[in-house]
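So the chains spell out like this:
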Amino acid sequence: KTVDRAQPSVTILEDLVPLIPDMVKRRTTGVVNFVNKGGLAYVDVLEALNARAPRGWTSPVVARSATSRPAATLDISHFAASCGREIPDSITSVRRIIADLKEHELAALAEEQRQQKLREQRPA
């Protein structure tokens, strides 16, 4: 219903799992922050979803706070060095994923939201 203005680090598996073989070949050791590059603002995700939203979709409300809530944005320098490749940017990846959603997948979002509203209206 309400989305915070947080911008945490995220792990988008379809981007990062293919990097594991290179890390194994390079015998990576130590702590690796297995996250995409940059933080992902929830507001950016909403904007991308709203651009493709089906009829019946009600966008969550963005928190009124003028500033983003503090969130951890993890250092990926060791991760990038350990696989020898650029780590994909989180917002670019999320926008690509949303753009690739099929119409029936988007319609399922609206239907799921409608079902949730019905469950909330039922007496306890």
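The following refers to the structure shown. Values in this document were obtained by computation on a predicted structure and should not be read as measured data. (Residues numbered from 1 in each chain as written. Predicted model: local features only at pLDDT ≥ 70, side-chain atom pairs only at ≥ 80, totals over all residues. Heavy atoms only, no water.)

1. Comments concerning the packing of aromatic side chains
Here is step 1: Per the counting criterion, the structure on display carries one aromatic pair.
Here is step 2: When the ring of F34 is compared with that of F79, the centres are 5.2 Å apart and the planes differ by 45°; the resulting orientation is tilted. One end of the pair, F34, is in the loop between helix 2 (20–25) and helix 3 (42–52); the other, F79, is in helix 4 (residues 77–83), with 45 residues separating them in the sequence.
Here is step 3: Among the residues examined, F34 registers a relative accessible area of 24% and is labelled partly exposed.
Here is step 4: The exposure class assigned to F79 is buried, which follows from its relative accessible area of 1%. (Phe/Tyr/Trp six-rings, centres within 6.5 Å; stacked < 30°, edge-to-face > 60°. Helix = DSSP H or I, 4+ residues; strand = E, 2+ residues; numbered from the N terminus. Buried < 20%, exposed > 50% of the residue type's maximum accessible area, 1.4 Å probe, protein only.)

2. A closer look at the environment of A99
Here is step 1: Structurally, the position occupied by A99 is in helix 5 (residues 90–99).
Here is step 2: Judged by relative accessible area, A99 falls into the partly exposed class, the value being 47%.
Here is step 3: Distance in space between the C-alpha atoms of A99 and L118 is 28 Å, their sequence separation being 19 residues.

3. Describing the pattern of salt bridges
Here is step 1: As enumerated under the stated definition, the model contains six salt bridges in all.
Here is step 2: Between E14 and R96 there is a salt bridge whose closest N-O contact spans 2.8 Å. Here E14 is found in helix 1 (residues 13–16), whereas its partner R96 is found in helix 5, with 82 residues between them in sequence.
Here is step 3: The salt bridge partner of R114 is E111, with a shortest N-O separation of 2.9 Å. Of this pair, R114 and E111 both sit in helix 6 (residues 103–121), three residues apart, which is roughly one turn of that helix.
Here is step 4: On the basis of relative accessibility, which here comes to 43%, the residue R114 falls in the partly exposed class.
Here is step 5: E111 gets classed as partly exposed once you look at its relative accessible area, which sits at 35%.
Here is step 6: Connected through shared salt-bridge partners, E14, D15 and R96 make up one network. (Salt bridge = Lys/Arg side-chain N within 4 Å of Asp/Glu carboxyl O.)

By themselves these figures say nothing about function.
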